[in-house]
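# Architecture and fold: a report
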Amino acid sequence: MSEAATSDGSGRAVLRHPDVRRFISGRFLFGLGVQIHDVGVGWFVYDITRSAWALGLVGLAVFLPSLIFVPITGEVADRYPRRLIVTAAFSTMALISAGLLVCVLVGVTTPWPVYGLAALLGTARAFGMPATQALLPTLVPKAEFPQAVAWTSSAWQTATIAGPAVGGLLYALGAEVVFATAFTVFALAATAMFSLTPAQETTQREKPSLDSLLAGIRFIRSRPAILGAISLDLFAVLLGGATALLPIYARDILQTGPWGLGILRSAPAVGAAVTGLLLAHRPLERQTGKWMFVAVAIFGGATIGFGLSTSLPLSLLFLVILGASDMVSVFVRLTLVQNDTPDEMRGRVSAVNAVFIGASNELGGFESGALAAAIGAVGSVVVGGIGTLIVAATWAVLFPDLLRRDKLTD
């Protein structure tokens, strides 16, 4: 660890870098916009369809572009200025919120225009996420990178706390207010990212080829610890994620309105933000692999508890625990992937990682919605939590290198 970092036991030394502060501000604004946007989309779609299947299709529409474009999104992030890619992605999301605002104003009663805009949003995320992940290591010394990850993740989770609550309150004023606000916040996030001055604007100039496009996949396959961390996080959230079903829980099971949906969506972020701040001050230094497996197991158990709960306070408690455990898993995965990957490969490796993250979140939403349509929302969440526990036990056997991983950084 650098002298500056070690001299400040609080973990705030990394914030002395102006670009880190700007990056964290941009991520916070982007996270705030995402949550306000997602609350608006979820409630709007369920309001006009009353269908769990329709909610699941939104997640599928967001996920598919990241899968389709994975061969080129990482190559783009390794070839062109990452700052500009992120700026363009955030600006596109602002335009998507403007498109949804138009849908509301003209009185759309079918979800199909929303699916189209969701697919466009997924495309923006597909290009923006690898560039965002690969950009942070170029803004901070390597020894301080774990603290940068923790602060950035805490800012994201703080936005995830505030965003759903703000979105729920704004929805009471009208869906058009929600999407107008999301447009403004995304535009501010794009401005913050454009102001960055990374040490390396581009990292690769050779002619693209099939070999270079697939390099990220080959690299991950050659690193069992990285493959194990990414895939464990994928299947844990894919099976255990209940976020897509929160509109159903808010309206039909817990008997609340849009405000209830807002606080339900905020609850996991409360646990994650607190845990992120703890990790910023006291990062995991030993037995990090075991901590990741323990966190995933707790995530699965909290998912089961939430699925069975019919009490709003108890449901919120389980969601807080769920978010805290997920934060530990995210911290280990992000730090391990970026630290173990050379800079010239970070875009392509981050692109593959983004597909896994998208699969766990958006495809997980589709899985939850489809299963809920078949066996009900409660059954879907409980089965998913049980599946997460099974995955954690199985991965401990399949990826012993990850389980034995001690330190995240050399």
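Provided above is the structure to which this section pertains.
Description of the structure in this document.

Cut-offs applied
- Residues numbered from 1 in each chain as written.
- Predicted model: local features only at pLDDT ≥ 70, side-chain atom pairs only at ≥ 80, totals over all residues.
- Heavy atoms only, no water.
- Helix = DSSP H or I, 4+ residues; strand = E, 2+ residues; numbered from the N terminus.
- Buried < 20%, exposed > 50% of the residue type's maximum accessible area, 1.4 Å probe, protein only.
- Contact = heavy atoms within 4.5 Å.
- Areas by Shrake-Rupley, 256 points an atom, 1.4 Å probe, with all protein chains shown as cover.
- Axes fitted to C-alpha atoms, helices over the stretch in contact; angles between N-to-C directions.
- Parallel < 35°, antiparallel > 145°, perpendicular 65-115°, else oblique.
- Nonpolar A, V, L, I, M, F, W, Y, C, P; charged D, E, K, R; others polar.
- Expected span 1.5 Å × (residues − 1).
- Left-handed = near helix turned anticlockwise from the far one by under 90°.
- Core = buried A, V, L, I, M, F, W, Y, C linked by side-chain atoms within 4.5 Å.
- Phe/Tyr/Trp six-rings, centres within 6.5 Å; stacked < 30°, edge-to-face > 60°.

## Remarks on the overall build of the chain
From N to C terminus, the chain includes 18 helices and zero strands. The 410 residues of the chain split such that 59% are buried. Partitioning the contacts of the chain with sequence separation of at least 6, the portion at a separation of at least 24 is 88%. For the chain, the exposed surface amounts to about 15,600 Å²; the carbon and sulfur share of it is 68%.

## A short note on the packing of helix α5 (residues 82-105) against helix α8 (residues 175-194)
Packing of α5 against α8 leaves a shortest axis separation of 8 Å and a crossing angle of 170 degrees. With respect to α8, the axis of α5 lies roughly antiparallel. Of the residues in the contact of α5 with α8, the class split is 22 nonpolar, three polar and two charged.

## A short note on helix α17 (residues 377-398)
An α-helical segment advances 3.6 residues per turn. Residues three or four places apart therefore align on the same side. Relative to the 32 Å expected for 22 residues at 1.5 Å per residue, α17 spans 31 Å between its end C-alpha atoms, a close match to the ideal helical length. Buried within α17 are the following residues: Ala 377, Ser 380, Val 381, Val 382, Gly 384, Gly 385, Gly 387, Thr 388, Val 391, Ala 392 and Trp 395.

## Quick look at helix α12 (residues 246-253)
Along α12, the residues that are buried comprise Leu 246, Pro 247, Ile 248, Tyr 249 and Ala 250. Residues of α12 that are buried sit in contact with α2 (18-49), α3 (52-68), α13 (258-281), α14 (288-308) and α17. In the segment just after α12, Gln 255 is the residue with positive phi, at about 60 degrees.

## Thoughts on the packing of helix α4 (residues 70-79) against helix α6 (residues 112-135)
When two helices pack together, you describe them by how their axes are tilted relative to each other and by the distance separating the axes. At a minimum axis separation of 9 Å, α4 and α6 run at an interaxial angle of 45 degrees. When the axes of α4 and α6 are compared, the pair comes out oblique. Considering the relative orientation of α4 and α6, their crossing is right-handed. Note on element contacts: α6 touches α4 through Ala 126, Phe 127, Pro 130 and Ala 131, opposite Ile 72, Thr 73, Val 76 and Ala 77.

## Quick look at the nonpolar core
Membership of the largest hydrophobic core comes to 115 residues, with the highest contact counts inside it found for Phe 90, Leu 232, Leu 264, Phe 306 and Leu 402. At 13 residues, the largest contribution of residues to this core is made by α2. Leaving out residues up to four positions away in the same chain, Phe 306 has contacts with Ala 242, Leu 246, Tyr 249, Leu 264, Ser 315, Phe 318, Leu 319 and Val 381.

## Here we look at the packing of aromatic side chains
Under the criterion given, the structure shown has eight aromatic pairs. Residues Trp 43 and Tyr 171 carry aromatic rings whose centres are separated by 6.5 Å and whose planes lie at 70 degrees to one another, so their mutual orientation is edge-to-face. With Trp 43 in helix α2 and Tyr 171 in helix α7 (residues 145-173), the pair connects residues that are 128 residues apart, well separated along the chain. There is no split in this pair, since Trp 43 and Tyr 171 are both buried. Note on Trp 395 and Phe 399: the rings are 6.0 Å apart at their centroids and 40 degrees apart in plane angle, and the pair reads as tilted. By relative accessible area, which is 13% here, Trp 395 ends up buried.

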